[in-house]
Structures are given as C-alpha cells and as structure tokens.
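What the coordinates show
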Amino acid sequence: RILRVGLRAMLYTCARRAKSARANVGISQEFVNVTLRKFRAEQYWDSPHNIQLLDQMPRLFGSPGQKPPAANMTFYRVFVGPGTAFERDGIKIPIDFPDGCANTILVVEAGDAVLWTKLDEITYAPNHPLPELGGMFLTHNWLGRPGPSRGFTAAFADASIRWFPRSTPEATIRAYITRNGGEKIEGP
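Residues numbered from 1 in each chain as written. Predicted model: local features only at pLDDT ≥ 70, side-chain atom pairs only at ≥ 80, totals over all residues. Heavy atoms only, no water.

Empty space within the largest pocket amounts to approximately 190 Å³. Around the largest pocket, the lining residues are Leu130, Pro131, Glu132, Leu133, Gly151, Phe152, Pro165, Arg166, Thr168, Glu170 and Ile173. For the lining of the largest pocket, the elements supplying multiple residues, two or more each, are β7 (151-156) and α3 (170-177). (1 Å grid on protein atoms, 1.4 Å probe; cavity = no way out; pocket = protein on both sides within 12 Å on 5 of 7 lines; lining within 4 Å. Points joined across faces, edges and corners; volume = space filled by probe spheres on them. Helix = DSSP H or I, 4+ residues; strand = E, 2+ residues; numbered from the N terminus.)

The final tally for this structure, using the stated rule, is five aromatic pairs. On the basis of an interplanar angle of 5° and a centroid distance of 4.8 Å, the ring pair of Phe152 and Phe164 is categorised as stacked. Residue Phe152 is located in strand β7, and its partner Phe164 is located in strand β8 (residues 161-165); the two are separated by 12 residues in the primary sequence. Given the relative accessible area of 5%, Phe152 is considered buried. Taking relative accessible area as the criterion, Phe164 reaches 0% and is therefore assigned buried. A ring pair is formed by Phe164 and Tyr176, whose centres lie 5.4 Å apart and whose planes are at 75°; its orientation type is edge-to-face. One end of the pair, Phe164, is in strand β8; the other, Tyr176, is in helix α3, with 12 residues separating them in the sequence. Counting every residue linked through ring pairs, the aromatic cluster contains Phe152, Phe156, Phe164 and Tyr176. (Phe/Tyr/Trp six-rings, centres within 6.5 Å; stacked < 30°, edge-to-face > 60°. Buried < 20%, exposed > 50% of the residue type's maximum accessible area, 1.4 Å probe, protein only.)

It is worth spelling out the pairing of β8 at this point. Burial along β8 is one-sided: the residues Arg162 and Phe164 are buried and none of Ile161, Trp163 and Pro165 is. As defined by bridge partners, β7 adjoins β8 across five bridges and the pair is classed as antiparallel. Within β8, the residue paired with Phe152 across the bridge is Phe164. (Pairing = 2+ DSSP bridges.)

Judged by nonpolar contacts, the single largest core of 22 residues is most densely connected at Phe61, Phe86, Phe97, Leu106 and Val107. At the level of secondary structure, the elements contributing two or more residues to this core comprise β1 (73-77) and β3 (105-115). (Core = buried A, V, L, I, M, F, W, Y, C linked by side-chain atoms within 4.5 Å.)

Next up, the structure:
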C-alpha cells in the first residue's frame, strides 16, 4: 500500500501540490474515478465542493494496522521544509536528489492521522524535534490498550519501502528526510 502511495508521490513531485498533497497522490482506478475527476484542485480542500469528498477516501490511504480516529483519515503524510523532497515547486527526480533517491523519504507513516484531502503535512526543521512517527503499528499492553509504536514505514524516491524500528537513531531518520544533506547513512 505505501509503495503505491510512494510511486504516485514520485509523479507528484514533478507536478507539485495544488491545494492538497494527498489529493494528487494515488494510483488505483478507484482513486481516479472517485477523486481526481471530482476533486477541484483550484479550490481549497475544505471548499463546499471538495469537503463532500472526505467520505470517499480511496482504500489506498487506509491503514493496514491501527485504525485512525475516523474512516476519512490517513497516517500517510509527506515532509515539507528545508532539504525535503517537497521543499519547493519544481524539484525533479533524480536531478535534485544528490543524496540519491534510495536515501530520500517521500511518504512516511506519521504518528497521528489527518483528514486525507487536507494539506496537513509534516513540517521538517533541522533544529526542531522530529514529530512522532508510526501510528499504524502500535504495541498493546495486556489490557489491549495501545502503547508506543514499534516503528514506522516509509516510501522512498526510488520506489522502495523500508521499515524503521523504534530504535533507529534520530540522525539516521533526519538523513533520510533530506534529499541534499550529504550525510553518511547507516541503517535500515
């Protein structure tokens, strides 16, 4: 599932975001029929017309693990900010990825779910703490209550998918978030 989202994100990098990133990211026929033909990119995600599409979220954005708080929410998000794949308009794969496409995250499993059409991406800042990642695969205590995530998945610019255990060093995650940081990467 995240691979399909990641593949679409590669195409999306070239087209760039209109009013909502996830409204342009999808690959299934269901997505094309339900959303691309109906979603009006020239309007905001919560315009009277587009808000009606919230309950038509393609299965592609659904969670294979922990269910989000509402059926129209997704954990799949992208990083925006300095050095990220979605830093600015006009970034091209592979030209603008000096760290390599295999070393740059496009789509990540966030720690919290968001409305699937809303432009509510993860802001990355090199000097700020990373947000919680990994909302789909939570551990559960003996009472069945959710606890911390065991890790998270990410789709990369080369169309690969990787699992990051909770023990992955923050420096490694930061290196994978940026496309042009020049870091030496050891890890998943």
